[in-house]
Amino acid sequence: MTAQIQIKNLHKYFEKLEVLKGINLEVHKGEVVCLIGPSGSGKSTLLRCINRLEDPTSGEIIVDDVKITDSSVNMNNVRRHIGMVFQQFNLFPHLTVKENISMAPLELKLKTKAEADDKAVELLKRVGLLEKIDVMPRQLSGGQQQRVAIARALAMEPDIMLFDEPTSALDPEMVGEVLAVMKELAAMGMTMVVVTHEMGFAKDAADRVLFMDEGIIMEEATPEEMFSNPKNPRTIEFLNKVLSTK
Amino acid sequence: MNLGKVFGETYELLFQGLQVTIQVTVLSLLIAFVLGLITSLLGFSKTPLRWISKGYVWLVRGTPIMVQVFYIYFALPQLLQALGYDVRLTSFMAGLITLTLNAGAYMSEIFRGAILAVNSGQMEAARSLGLSKGQAMRKVVLPQAIRICLPSLVNQFIITLKDSSIISVIGLTDIMYQAKIYVGRSMESFATYTWVAVFYLVIITILTQIAKRVEKKVMI
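Report follows, based on the coordinates.

About the criteria used
- Residues numbered from 1 in each chain as written.
- Chains lettered and ligands numbered in written order.
- Predicted model: local features only at pLDDT ≥ 70, side-chain atom pairs only at ≥ 80, totals over all residues.
- Heavy atoms only, no water.
- Phe/Tyr/Trp six-rings, centres within 6.5 Å; stacked < 30°, edge-to-face > 60°.
- Helix = DSSP H or I, 4+ residues; strand = E, 2+ residues; numbered from the N terminus.
- Buried < 20%, exposed > 50% of the residue type's maximum accessible area, 1.4 Å probe, protein only.
- Lys NZ or Arg CZ within 6 Å of the ring centre and 35° of its normal.
- Contact = heavy atoms within 4.5 Å.
- Buried area = accessible area lost by both parts, 1.4 Å probe.
- Salt bridge = Lys/Arg side-chain N within 4 Å of Asp/Glu carboxyl O.
- Polar contact = N/O pair within 3.5 Å; in protein donor to acceptor, adjacent residues only side chain to side chain.
- Nonpolar A, V, L, I, M, F, W, Y, C, P; charged D, E, K, R; others polar.

**Concerning the packing of aromatic side chains**
Next, step 1: Enumeration according to the criterion identifies seven aromatic pairs over all chains in this entry.
Next, step 2: Ring centres of B:Phe33 and B:Phe111 lie 5.3 Å apart, and the angle between their planes is 85°; on these two criteria the pair is classed as edge-to-face. Here B:Phe33, found in helix α1 (residues 3-44), pairs with B:Phe111, found in helix α4 (residues 91-117); they are 78 residues apart in sequence, far enough to count as distant.
Next, step 3: A residue is classified by how much of its surface remains accessible, and B:Phe111, at 1% relative accessible area, is buried.
Next, step 4: Sitting above the plane of the A:Phe92 ring, A:Arg152 keeps its charged end 4.4 Å from the centroid.
Next, step 5: Here A:Lys203 stacks its cationic end above the ring of A:Phe227, 5.5 Å away from the centre of that ring.

**Some details on the interface of chain A and chain B**
The parts lose accessible area when they come together, and the size of an interface is often stated as this lost area.
Next, step 1: Between chain A and chain B, the contact holds 22 residues from the first and 19 residues from the second.
Next, step 2: Between chain A and chain B the total buried area reaches about 1,900 Å² when both faces are included, carbon and sulfur atoms providing 59% of it.
Next, step 3: Between the two partners, chain A and chain B, sit three salt bridges.
Next, step 4: Among the ionic pairs, A:Arg48 bridges to B:Glu124, the shortest N-O distance being 2.6 Å.
Next, step 5: At the junction of chain A with chain B, the criterion picks out six residue pairs in polar contact (both at pLDDT 80 or more).
Next, step 6: For the side of chain A that touches chain B, the secondary-structure elements that each account for two or more residues are α2 (75-80), β6 (82-85), α3 (97-107) and α5 (142-154) of chain A.
Next, step 7: Split by residue class, the side of chain A that touches chain B holds twelve nonpolar, four polar and six charged.

**Notes on the pattern of salt bridges**
Residues and elements named next belong to chain A.
Next, step 1: Applying the stated criterion across every chain yields a total of 25 salt bridges over all chains.
Next, step 2: The residue Lys 119 makes a salt bridge to Glu 157 at a minimum N-O spacing of 3.3 Å. A residue pair is termed long-range when its members are at least 10 positions apart, and Lys 119 in helix α4 (residues 113-126) and Glu 157 in the loop between α5 and β7 (160-164) qualify at 38 residues.
Next, step 3: Salt bridges linked by common partners bring Lys 8, Glu 60, Lys 67 and Asp 70 together as one network.

Given below as structure tokens:
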């Protein structure tokens, strides 16, 4: 079986700075891959290349058998199948929770108003926020906003979900509620690529953990191996730092 | 200083003039809103179209409105006639065009600033859902930008309302024009211009109050 996401020799420059230095990665359907590593290592850039929020400088990315690095590909269609959750939530502040969730399916004419409303109700039940359906985002806590943002992405019925440090902007007591939603999603078989500093989540939910540093995937292992028996000295140094502060 | 007597003699004239002032202002603002929006969006385009946008704003900002109105009323028709087109503008048309082009350029800058003020994550979130650039602009960025620039837009409305008094120099029969005619006959400068100022003050105060309410309603 070919992988759902295939990345071949991906390079990305910002001006003269090389942020990604030849990334090769395959993610299979239903797999949960966590990207860990120090800030500035290129994790977020790699993630943002998968739905082309960043344009790769060179290399190939194939998602669901579509070579999305071709300039002829309509990225709007590709992005419908790739949900993304951002560190800063990025909910639409002028729309209610329901409108945030139903706006894109309605605007893209994928659903009728009634279908979109039903879907919003179903998704809000799933993330445990049905009672907030008609409130504005600013009236929600950070954790609630992020759960709505996950529901918004799921409303497009994606088969891949990208998470860009989804809990980094949250107060500590709200991290758990967001991770719980993500774990449920992983258990349901969603293909997920997660940039995270939550080593606990990586341990519990990931099928594979990748350690990135200086634009390279330095080490790749199952969570058990990565956290109990890391091999690369950079990985050991990084894990020592982040795990000792807990 | 004959305030009472002058009011009695002029209020009909001044109200007539005020109607013209309001007509030309409202019409020009409506067109300028659309023109300004299109101009600001063109300014973000990566095609050469953006130079049209920038050139237009440069031209309007770099010349006084008095020069603009003379240019449109006197200079352009002469040029067009020399080229064989018999174009004559009424003072109302010339005034409308001048105020529209003027307000359009300033509004485009207001919109530009407001669009830039919307967090870039908003555009990214909308694009990540599969919306095109245009759809994301229309559904996500512009609704927020309009709210951000509402106070500046109201300010521009007021400026255009007041600038319309300049159009009286080409014979637009607005409130200022009527006042000048009356003063020419009666020599009652103080009383007449006092009433003109009061008329403007009242209109602008009402406008400001309405704007405040709207602002409160749509703030997010």
